[in-house]
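Residue-level listing of the chains:
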Amino acid sequence: MSRLVLVRREQAVSGGQPLAFLIGIVTALLIGILLLVISGHDPMAVYERMFDSSLGSPRSWSITLNRAVPLGLAGLAVAVAGSMGLWNIGAEGQILAGAIMAAWIARIGEGWPSPILITIMLLASILGGALLGLGPAVAKAQIGVNEIITTLMLNEVALRLLQWLIHGPWKDPESRGFPLAPILPDEARLPDLFERAHWGAVIALIVIALFGLVASRTAWGYELRVAGSSGETAKYAGISLKRKIMTVLVLSGGIAGLAGGIELSGNADRIVEGISAGYGFAGIIVAALALMRPSGVAAVALLFGAVQVGGLSIQTMGVSSSVSTILQALILFGAIGAGVFSKYSIKRVGKEQKSNAGGMA
Amino acid sequence: MVPAIELKGITKRFPGVLANDNVNLTVEEGEIHAVCGENGAGKSTLMKILYGMQPADEGTMNLFGEPHTFNSPNEAIDAGIGMVHQHFMLANQLTVLENVILGAEPTKQGGLIDFDTASKHLEEVGKAYGLTVDPFDLVESLEVGERQRVEIIKVLFRGAKILIFDEPTAVLVPQEVEELFRNMRELKANGATIIFIDHKLEEVLEIADTITVLRQGKTVATVKPADVSATDLAELMVGSELPTPQITDAKISDTIGITLDNVTVLDEDERPIVDAVSLEIRQGEILGIAGVEGNGQRELVGAILGTQKISDGSIFLMGDDISNKSVRSRRENGLGYIPQDRQEEGLLLTAPLWENAALGHQTAKPFSGGWNQWFIDREGSRSQTERIRREFDVRTPNVDVSAHALSGGNQQKLIVGREMVSEPSVLVASHPTRGIDVGAQASVWEQIRQARSNGLATLLISADLDELIGLSDVIVVMFRGRIVAQLNPSEITPRSLGAYMTGATSEENPA
Ligand SMILES: Nc1ncnc2c1ncn2[C@@H]1O[C@H](COP(=O)(O)OP(=O)(O)OP(=O)(O)O)[C@@H](O)[C@H]1O
Ligand SMILES: [Mg+2]
């Protein structure tokens, strides 16, 4: 009997990643055709709408970009922690913390010159996210508490804080009972870049590029890489794992917090419960797809943003949200799956392997 | 008689390297066949091909006359081939029995592991080959030689008739080597066929029935041990006469490089694993530590480096108290370190060589610094790596390949070079020439002697007693965490030293 096995290639196919990405997406679209036909839609019309609404015009690009900004920053946050083998599952809460801090600055800074106000808001949002990252960072570095659990728990804490604020002290008196904070003053809003896109895209890109540069070119980034790939080696090379864990988790939180600040100031214009729309969790997928590399994060976030925008828009032509969600997942995972295949090759194995014990004694 | 193994025309290329170049190897059934060659000659590659870990680009393989191709070690195991890896692949927290059956668990109905059958079978295998270990011991409690025996039993348990050993003696002390050789002869008497790799030529001549020599990926000779001397073998390996190293005089100065004053390290159970050790190494002096692995050497090294907390005592580096300093500050202040396990502690296998050359020195010139001390100086790092490659004869196509592409011995040379070119004032060297071929070993010794005459204070730990005796100015023996003897290398032999190490002799009751 012969069967197929995955064999790790000794060397990844050069230039294989982008190619695999494309092949994966195309395969996903082909499978998607089947799905759409079965559910009674015209696949070409659906795909056309998906594309037009997300990447078909400057306007749709601007919508996609706005979506990609929080995804990219959240993805970077997860990737920063991931580069040391740590999982920050708390980006969602850190985004909320960032947004809360920024909103608070906007409240006390009403009337300040816009550039100053926005700058302080964004710095405060970084601080907010970083503060939320600090707890898990200390717990992990000092006593080895699993960061997955602590970061996850803090999501709940941040959400509760936000709910309390918008139901209580920050509730907009003019919201007719709805739990909403007041709309931000104009000077607290990020200016537009083009169409509906705000400057957040530029900030996010700079932050991602900056981290990429630091990670690949500085001694600090080098040590991060060493610590991430072998704790034992790092120890002997004089790299303090505790310090690295601390900085990485706090930095990760800060970056996610910035996503919250930008989302508030650029897009949401007020604190509402759903201000994050799950960006923190989506960031985990973004980072995983980008193989924890900053360079990949920007590209994946853009793709993810486009898929989300496209997926939302086809719902207006009657495609159910579940079919749309499946389609989005197909495209994303098509891309991951193909990425894996570029590292492995398929081999036919001649005969069934047995592993029964039987000595020659 | 059909040979057990017949490899014909095996060729294996890696980017920029021809690792095996039309290699032929014939191993008769029931013989012990040694494969010798310089670092990077292609020995491990050939064994990995035989064991199904890597496919050959060209060539054929016959086992007992039958053609075979393996896509994975599992297929090789099914065909009766077993490999004992140089780096043990055992789970320390499991018992011997659990380790042996891992991956080949005999099961009862309902999928439960049949431990009774397994332990009976283990006992049979052990008896048949004269290999004794308690199946219920935890692997972490075993000594190196015993762990190796577990690896051998593991392979036999799966029914291997052909055993491959990649540098099995590198980690053993002489007594353990003798034990291993007894086991190998027993295996042979029971019909097993053994292929093994070894850089210590006396050992090869002692145990092998046939010796195949590889040079730069080619088979250059197959000889019988009776017909050659160690020197002949070495010359076959390098293809020319070996240079005779010149002796440099020792000039031990009065300045003390490192002082350990009553250093105590406790293990998890708060028992002293390093017990009130005091030492002094002067500049220009090499102090060797002899001892069976697991007697506190590792922890002592950890204490000096700063990876291990000391509970009592103090350590001075060039006169400064470093007892509470970080690893980084110790290294920046001139402490060099050649780790005992090159892959676990000394390298980033997936990173390029030039990044590996920076390890432990990443905060100093030439790896970083210049106009902005925060950035890694890629050019500086590369040229430093080139220098290491030149001076320590690291065989590699270039300095951008990743470390896992180097042969074991060349990885070791890279690490030794990295520490030596940084010109430390104190060097802690654990098994510095482990896995390095005879020629390169002589040149590493030469480099260490050279550095000594320039004032380096060295703490040397080595399982190779010839190295320990040959290099050290003074030898101390560590046993159960204490220094039990201080010896003059010119008055001892590997044998007598071995007796001290196992606690059979001590200064109080000499042999
Ligand atoms: N995975 C790999 N990728 C690239 N080159 C490799 C790889 N494995 C081995 N090589 C190269 O092949 C050659 C032979 O290596 P091999 O490990 O077989 O040497 P060796 O004879 O076992 O040496 P040593 O005594 O140092 O262990 C070396 O030049 C090595 O750099
Ligand atoms: Mg080798």
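Just so you know, these numbers come straight off a predicted model, no measurement behind them.

Draft legend 1. Broad picture of the sheet that holds strand β3 (residues 32-37) of chain B. All names here are of chain B. Strands sit in the order β6-β7-β8-β3-β9-β10 across an open sheet of 6 strands; the sheet is mixed. What marks the edges here is a single partner per strand, and that holds for β6 (81-84) and β10 (218-223). Pairwise comparison of adjacent strand axes, ignoring direction, gives a mean angle of 20 degrees for this sheet. With 4 bridges joining them, β3 and strand β8 (residues 193-197) adopt parallel strand pairing. When the sheet's bridge partners are listed, isoleucine 32 is paired in β8 with isoleucine 194. In the packing of helix α6 (residues 174-189) onto the sheet, contacts are made with β3, β7 (162-166) and β8, and the angle to β8 comes to roughly 150 degrees.

Draft legend 2. Examining the interface of chain A and chain B more closely. Contact residues are listed per partner, giving 31 residues for chain A and 48 residues for chain B. The partner of arginine 225 of chain A in a salt bridge is glutamate 355 of chain B, and the shortest N-O contact between them spans 2.7 Å. Summed over the shared surface of chain A and chain B, the result is 12 residue pairs in polar contact (both at pLDDT 80 or more). Counting residues per element, the ones that place at least two in the side of chain A that touches chain B are α7 (200-217), α8 (219-229), α9 (231-236) and β4 (344-349) of chain A. Among the elements that make up the side of chain A that touches chain B, the one with the highest residue count is α8 of chain A (6 residues).

Draft legend 3. A look at a nonpolar patch on the surface. Where nonpolar side chains cluster on the molecular surface, the patch consists of Trp61, Leu193, Phe194 and Trp199 of chain A and spans about 350 Å² of accessible area. Tracing the sequence through the fold places phenylalanine 194 of chain A in strand β2 (residues 192-194).

Draft legend 4. Quick look at the packing of helix α5 (residues 114-143) of chain A against helix α6 (residues 147-167) of chain A. All names here are of chain A. Running from N to C, α5 and α6 point in directions that differ by 155 degrees, and their axes come no closer than 9 Å. Relative to α6, the element α5 is oriented roughly antiparallel. Handedness of the α5/α6 crossing: right-handed. Within the contact between the two elements, α5 uses Leu132, Pro136 and Lys140 and α6 uses Glu147, Thr150, Thr151, Leu154 and Ala158. Broken down by class, the residue content of the contact of α5 with α6 amounts to 4 nonpolar, 2 polar and 2 charged.

Draft legend 5. Examining the site of ligand 1 more closely. All names here are of chain B. Inspection of the region around ligand 1 gives 20 residues, with Lys43, Thr45, Ala405, Ser407 and Gly409 positioned closest. Glycine 40 has a polar backbone atom sitting 2.8 Å from an oxygen atom of ligand 1. Between ligand 1 and the protein, one listed contact pairs an oxygen atom with a side-chain N or O atom of histidine 199 at 3.0 Å. Contact with the protein chains covers 90% of the free accessible surface of ligand 1, which is 640 Å².

Draft legend 6. The arrangement of the domain arrangement of chain B in detail. Residue and element names in this part refer to chain B. Assigned domains within chain B: domain 1 (5-238) and domain 2 (256-501). The centre of domain 1, based on its C-alpha atoms, is set 30 Å off from the matching centre of domain 2. If you look at the interface, domain 1 gives 24 residues, while domain 2 gives 24 residues. Between domain 1 and domain 2 lies a buried interface of about 1,800 Å² when both sides are counted; carbon and sulfur atoms form 52% of it. If you look at where domain 1 meets domain 2, you find 2 salt bridges. Here glutamate 38 ties to arginine 395 by a salt bridge, and the two come within 3.1 Å at their closest N and O atoms. Along the contact surface separating domain 1 from domain 2 lie 6 residue pairs in polar contact (both at pLDDT 80 or more). The element best represented in the side of domain 1 that touches domain 2 is α6, accounting for 3 residues. When the residues that make up the side of domain 1 that touches domain 2 are grouped by side-chain class, the tally is 11 nonpolar, 8 polar and 5 charged.

Cut-off values and rules
Residues numbered from 1 in each chain as written. Chains lettered and ligands numbered in written order. Predicted model: local features only at pLDDT ≥ 70, side-chain atom pairs only at ≥ 80, totals over all residues. Heavy atoms only, no water. Pairing = 2+ DSSP bridges. Helix = DSSP H or I, 4+ residues; strand = E, 2+ residues; numbered from the N terminus. Axes fitted to C-alpha atoms, helices over the stretch in contact; angles between N-to-C directions. Contact = heavy atoms within 4.5 Å. Salt bridge = Lys/Arg side-chain N within 4 Å of Asp/Glu carboxyl O. Polar contact = N/O pair within 3.5 Å; in protein donor to acceptor, adjacent residues only side chain to side chain. Patch = residues over 30% accessible without salt bridge, like charges linked within 9 Å, V, L, I, M, F, W, Y side chains within 5 Å. Areas by Shrake-Rupley, 256 points an atom, 1.4 Å probe, with all protein chains shown as cover. Parallel < 35°, antiparallel > 145°, perpendicular 65-115°, else oblique. Left-handed = near helix turned anticlockwise from the far one by under 90°. Nonpolar A, V, L, I, M, F, W, Y, C, P; charged D, E, K, R; others polar. Near = heavy atom within 4 Å. Domains from an automatic or database assignment. Buried area = accessible area lost by both parts, 1.4 Å probe.

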